[in-house]
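Summary of structural features
What follows is the residue order along each chain.
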Amino acid sequence: MDLPKLSIIVPCFNEEQTIVTFYQETEKALASIQENYIIEYVFIDDGSIDKTLSILKDLSLQDERIHYIQFSRNFGKESAIYAGLENATGDYLVTMDVDLQDPPSLIPEMLEAVIGGDIDCAGSRRVTRAGEPLIRSFFARKFYKIMRNFSEVDIVDGARDFRVMTKLYADAILSVKEKNRFSKGIFPWVGFKTKWFEYENIQRSAGETKWSFGKLFLYSMDGIIAFSSKPLIIASILGFFLAFLSIIMIIFVIVRKLIYDDPVAGWASLVCIILFCSGLQLSAIGILGEYLSKIYIEVKARPLYIIKEKR
């Protein structure tokens, strides 16, 4: 009887300091299930400019279970996850970060839940953000709250991309071909049952995070636009409200002129109102422009990634 295969998918971008440690720690964590599964590692080098690729090549020579995919340039983590899912051959698949903020020790337990239960995915979520800058933690929590209110999918607070899934679940993810990818939304959107595993926040094993506050902010905006049309609805409602308010004000000015013969002074307030309304108009145009830009990207139908080398 053939053993089931477990594929571990690991995106990497300038992670020369963490790869070897990750491999060693993961091997320790999987020691208890090595005899029951065929294990393969699929590392995706997302256009690194350090020694990431050379380290992956050395590891692949030491362990034939290690495979790597080198992108022609940096396409982003979302593309790396997609490439890993598309090229992995396992019956069960794991997506996780290389910096050990996703604890490999949870893999056996998560895998057991997927195999032994009626679920297709075991997800992970951080219950604390200890060690993170306060402003970053504050905005992260606000983002998840906004997403739950705006989006049609249930995005769990603190959800990570660290998951163990069946091939069926992975194929469902791959069937979502959109270019503007937001995995934290795509995972729940495809459905299926998910069991959550919680853990405390873990600091990076080495190196520095590639996610600045600005990048996280733009990523969150992509998520909101990808899974909600409510910003457009809000802009429309606000426009109708201001139009209605302006009609009331026009009637007020006319009545005041007819009854009191008041010339209605107040150029300063008028300028402030014009600037306020102009700002709202530009904001609404900007929201509409974001949606149009996403449509533009989708219509061009460029590939999610380009492979330069793989093993």
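Calculation criteria
Residues numbered from 1 in each chain as written. Predicted model: local features only at pLDDT ≥ 70, side-chain atom pairs only at ≥ 80, totals over all residues. Heavy atoms only, no water. Helix = DSSP H or I, 4+ residues; strand = E, 2+ residues; numbered from the N terminus. Buried < 20%, exposed > 50% of the residue type's maximum accessible area, 1.4 Å probe, protein only. Areas by Shrake-Rupley, 256 points an atom, 1.4 Å probe, with all protein chains shown as cover. Pairing = 2+ DSSP bridges. Axes fitted to C-alpha atoms, helices over the stretch in contact; angles between N-to-C directions. Contact = heavy atoms within 4.5 Å. Core = buried A, V, L, I, M, F, W, Y, C linked by side-chain atoms within 4.5 Å. Phe/Tyr/Trp six-rings, centres within 6.5 Å; stacked < 30°, edge-to-face > 60°. Lys NZ or Arg CZ within 6 Å of the ring centre and 35° of its normal. Patch = residues over 30% accessible without salt bridge, like charges linked within 9 Å, V, L, I, M, F, W, Y side chains within 5 Å. Salt bridge = Lys/Arg side-chain N within 4 Å of Asp/Glu carboxyl O. Arc of directions from axis to C-beta.

1. Examining the overall build of the protein chain
Each helix and strand counted, the protein chain has 10 helices and eight strands in total. Classification of the 311 residues of the protein chain by burial places 43% in the buried group. Roughly 17,100 Å² of accessible area belongs to the protein chain as shown, and the carbon and sulfur atoms make up 63% of that amount.

2. Here's the deal with the pairing of strand S4 (residues 92–95)
Side chains Tyr92 and Val94 project from S4 onto one buried face, and the interleaved Leu93 and Thr95 project onto a second face that is buried too. Note: strand S1 (residues 5–12) against S4, four bridges, orientation parallel. Across the sheet, the residue bridging to isoleucine 9 is threonine 95, located in S4. Here four bridges tie S4 to strand S6 (residues 159–166), and the two strands are oriented antiparallel to one another. Counterpart to threonine 95 in the pairing with S6 is arginine 163.

3. Notes on the sheet that holds strand S8 (residues 307–310)
On the basis of which strands lie adjacent, the open sheet formed by eight strands has the order S7-S5-S6-S4-S1-S2-S3-S8 and mixed pairing. Strand pairing shows two members of the sheet lacking a second neighbour, strand S7 (194–199) and S8, which therefore form its edges. On average, each strand axis in the sheet is tilted by 20° relative to the strand beside it, whichever way the strands run. Bridge analysis of strand S5 (residues 121–126) against S7 gives six bridges, and the strand direction is parallel. Along S7, the bridge assignment pairs arginine 125 with glutamate 198. Most of the contacts of helix H2 (residues 52–62) go to strand S3 (residues 66–71), to which it runs at about 155°, and overall it touches S1, strand S2 (38–45), S3 and S8.

4. So, the nonpolar core
By size, the foremost hydrophobic cluster in this structure holds 36 residues, and its most contacted members are Ile8 and Phe43. Per-element tally for this core: the top contributor is helix H4 (residues 107–116), with five residues. Setting aside chain neighbours within four positions, we find phenylalanine 43 in contact with Val10, Cys12, Ile19, Phe22, Leu56, Ile66, His67, Tyr68 and Ile69. Grouped together as the second largest cluster of nonpolar side chains are 34 residues, Ala170, Ala172, Ile186 and Val190 included.

5. Considerations on unusual backbone geometry
Backbone geometry at asparagine 14 places phi at a positive 55°, although glycine is not the residue there. Tracing the chain through its elements places asparagine 14 in the loop between S1 and helix H1 (19–29). For alanine 301, which is not glycine, the phi torsion reads 55° and is therefore positive. With respect to the element layout, alanine 301 can be found in the loop between helix H10 (267–300) and S8.

6. Comments concerning the packing of aromatic side chains
Applying the stated criterion across every chain, the model contains seven aromatic pairs. Seen in terms of ring centroids, phenylalanine 22 and phenylalanine 43 are 6.0 Å apart; in terms of plane orientation they differ by 85°. Their pairing is edge-to-face. Taken together, the positions of phenylalanine 22 in helix H1 and phenylalanine 43 in strand S2 put the pair 21 residues apart, joining distant regions of the chain. Taken individually, phenylalanine 22 and phenylalanine 43 each receive the classification buried, so the pair is uniform in this respect. Pairing phenylalanine 71 with tyrosine 305 gives two aromatic rings, centres 5.2 Å apart and planes at 15°, and the pair type is stacked. Here phenylalanine 71 is found in strand S3, whereas its partner tyrosine 305 is found in the loop between H10 and S8, with 234 residues between them in sequence. Across this residue pair, the class does not change: phenylalanine 71 and tyrosine 305 are buried. Linked through ring pairs, Phe22, Tyr23, Tyr41 and Phe43 together constitute an aromatic cluster. The ring centre of phenylalanine 75 lies 3.9 Å from the NZ or CZ of arginine 73, which sits over that ring.

7. Focus on a nonpolar patch on the surface
Taken together, Leu238, Phe241, Phe244, Leu245, Ile248, Met249, Phe252 and Val253 make up a surface patch of nonpolar side chains, about 720 Å² in accessible area. Mapping methionine 249 onto the fold places it in helix H9 (residues 230–260).

8. Overview of H1
All of the buried residues along H1 are Ile19, Phe22, Tyr23, Thr26, Glu27 and Ala29. For H1, the angular spread of buried residues about the axis comes to 160°, placing them on one side. Looking at the buried side of H1, the elements it contacts are S1, S2, H2, S3 and H4.

9. As for the environment of glycine 191
Considering the arrangement of structural elements, one finds glycine 191 in the loop between helix H7 (183–189) and S7. Glycine 191 gets classed as partly exposed once you look at its relative accessible area, which sits at 23%. C-alpha of glycine 191 to C-alpha of valine 153: the two residues are 38 residues apart in sequence and 9.2 Å apart in space.

10. A look at the environment of glutamine 101
Structurally, glutamine 101 is set in the loop between S4 and H4. What makes glutamine 101 buried here is its relative accessible area of 16%. A sequence separation of 99 residues divides glutamine 101 from glutamate 200, and the C-alpha atoms of the two residues are 9.7 Å apart.

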